[in-house]
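# Working through the structure, step by step
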Amino acid sequence: MANNEKISLGENVSVPVHVGVIMDGNGRWAKKRGLPRKFGHREGAKTFRAITRHAKALGIQYITYYAFSTENWKRPKDEVDAIMDLFEKYLDEVRDFIEENIRVRFIGDRTRLSENLQRKMASVEEDSKDFDSMTLVLAINYGGRDEICHAAKTLAQQVKEGKLEPEDITMDMIERNLYTEEIPPVDLVIRPSGEQRLSNFMIWQAAYAEFYYTNILWPDFKGSDLDKAVIAYSERNRRFGGV
Ligand code: IPE
Ligand code: IPE
Ligand code: MG
């Protein structure tokens, strides 16, 4: 796809501002082919690149990918190592996105990641911070509960230091202390692979998100599947508690 190509799904389709993607099914994709799970992760990373370009062409302003959860450390060490190696490699390639005017941000607890990875993450963020064609958010060692706990600790510290009264704590303050401080709430969550759960993804930010599930495994997910999700979203009636 050319860098600045635009795709229209029709005048009546309203494109969500922020799409969250739970990239699931890599392991099953590999297993179906008799391959080790890491091959599924490698294939899934290719899908991530193609879908990011497609999302930009659709005019989606924010896309967040759930790449590694705070619970994924439970997996066998060789699988975790293979995923971390992939991040290292792909962070170099994420630089290609910078040339496409895409801002890159990371959410999650970085402290458990290698120093090298943390350095690369910081430099990609710094080099892309002024770009505005789309924001690409990568959730690495991310957990929604961990994120809320982290925000609670920050506010508790301010109370301890006498800078804040507990009764003055607002939802807005909690929001500003999440990893997503400047990122709008999620409008649409897409989960491939047939699972129908959040698995600790953006539990605060997706409070009023629409959900789209498909049985397609993430490595097989195509731009046309993203189109289908956006069209389904556009047909939903979002009420936010109103009538
Ligand atoms: C998602 O694919 C990728 C990560 C969680 C890192 P899975 O590895 O969970 O694939 P399945 O669910 O086992 O097929
Ligand atoms: C969610 O997928 C995490 C990511 C896609 C990074 P999992 O495969 O880890 O979720 P569960 O274990 O099926 O809930
Ligand atoms: Mg899975």
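Cut-off values and rules
- Residues numbered from 1 in each chain as written.
- Chains lettered and ligands numbered in written order.
- Predicted model: local features only at pLDDT ≥ 70, side-chain atom pairs only at ≥ 80, totals over all residues.
- Heavy atoms only, no water.
- Pairing = 2+ DSSP bridges.
- Helix = DSSP H or I, 4+ residues; strand = E, 2+ residues; numbered from the N terminus.
- Axes fitted to C-alpha atoms, helices over the stretch in contact; angles between N-to-C directions.
- Contact = heavy atoms within 4.5 Å.
- Near = heavy atom within 4 Å.
- Polar contact = N/O pair within 3.5 Å; in protein donor to acceptor, adjacent residues only side chain to side chain.
- Areas by Shrake-Rupley, 256 points an atom, 1.4 Å probe, with all protein chains shown as cover.
- 1 Å grid on protein atoms, 1.4 Å probe; cavity = no way out; pocket = protein on both sides within 12 Å on 5 of 7 lines; lining within 4 Å.
- Sits in = over half its atoms within 2 Å of the grid points.
- Nonpolar A, V, L, I, M, F, W, Y, C, P; charged D, E, K, R; others polar.
- Buried < 20%, exposed > 50% of the residue type's maximum accessible area, 1.4 Å probe, protein only.
- Core = buried A, V, L, I, M, F, W, Y, C linked by side-chain atoms within 4.5 Å.

## Overview of the sheet that holds strand S1 (residues 18-22)
Spatially, six strands are ordered S3-S4-S2-S1-S5-S6 in an open sheet, and the strand pairing comes out parallel. Every interior strand has two partners, whereas the edge strands, strand S3 (102-107) and strand S6 (210-213), have only one. Across the sheet, the axes of successive neighbouring strands diverge by a mean angle of 20 degrees, strand direction being ignored. Direction of pairing for S1 relative to strand S5 (residues 188-191): parallel, over a ladder of three bridges. Across the sheet, glycine 20 pairs through a bridge with valine 189, a residue of S5. Packing against the sheet, helix H7 (residues 223-234) makes contact with S5 and S6, and its axis sits at approximately 140 degrees to S5.

## A look at the site of ligand 1
If you check the shell around ligand 1, you find 13 residues, and the closest are Met23, Asp24, Arg28, Arg37 and Arg75. With respect to ligand 1, the backbone of glycine 25 contributes an N or O atom lying 3.4 Å from an oxygen atom. Measuring from an oxygen atom of ligand 1, one finds a side-chain N or O atom of arginine 28 at 2.7 Å. When ligand 1 is considered free in solution it has 380 Å² of accessible area, and contact with the protein chains removes 87% of it. Put simply, ligand 1 lies in the largest pocket. If you tally residues by element for the shell around ligand 1, the top one is helix H1 (residues 26-32), at three residues. Grouping the constituent residues of the shell around ligand 1 by class yields three nonpolar, five polar and five charged.

## What to know about unusual backbone geometry
Within the chain, asparagine 200 stands out as a residue other than glycine whose phi angle is a positive 75 degrees. Of note, asparagine 200 is situated in the loop between S5 and S6. According to the relative accessible area criterion, asparagine 200 is buried, its value standing at 13%. Here the phi dihedral of phenylalanine 240 falls at roughly 50 degrees; this positive angle occurs in a residue that is not glycine.

## Regarding the nonpolar core
Ranked by size, the top nonpolar core spans 41 residues in total, and within it Phe48, Ile63, Tyr65 and Leu226 carry the most contacts. A total of eight residues in this core trace back to one element, the largest contributor, which is helix H3 (residues 77-99). In this structure, tyrosine 65 is in contact with Val21, Met23, Phe48, Ile51, Thr52, Leu136, Val137, Leu138, Ala139 and Trp218, ignoring residues within four places of it in sequence.

## Here we look at the pairing of S1
The element S1 is extensively covered by neighbouring structure, given that five of its five residues are classed as buried. Of the strand pairs in this sheet, S1 and strand S2 (residues 62-69) are connected by five bridges, and their pairing is parallel. Residue glycine 20 lies in a different strand from S2, and its bridge partner there is threonine 64.

## With respect to the site of ligand 2
Every residue lining ligand 2 is accounted for by Ile22, Met23, Asp24, Tyr66, Ala67, Phe68, Ser69, Asn72, Arg75, Arg191, Arg197 and Ser199. The side chain of aspartate 24 places a nitrogen or oxygen atom 3.2 Å from an oxygen atom of ligand 2. Take asparagine 72: an N or O atom from its side chain is 2.9 Å from an oxygen atom of ligand 2. Counting atoms within 2 Å of the grid points, the majority share of ligand 2 lands in the largest pocket. At four residues, the largest contribution of residues to the shell around ligand 2 is made by S2. Tallied by class, the residues present in the shell around ligand 2 amount to five nonpolar, three polar and four charged.

No statement about biological role is implied by the geometric values presented.
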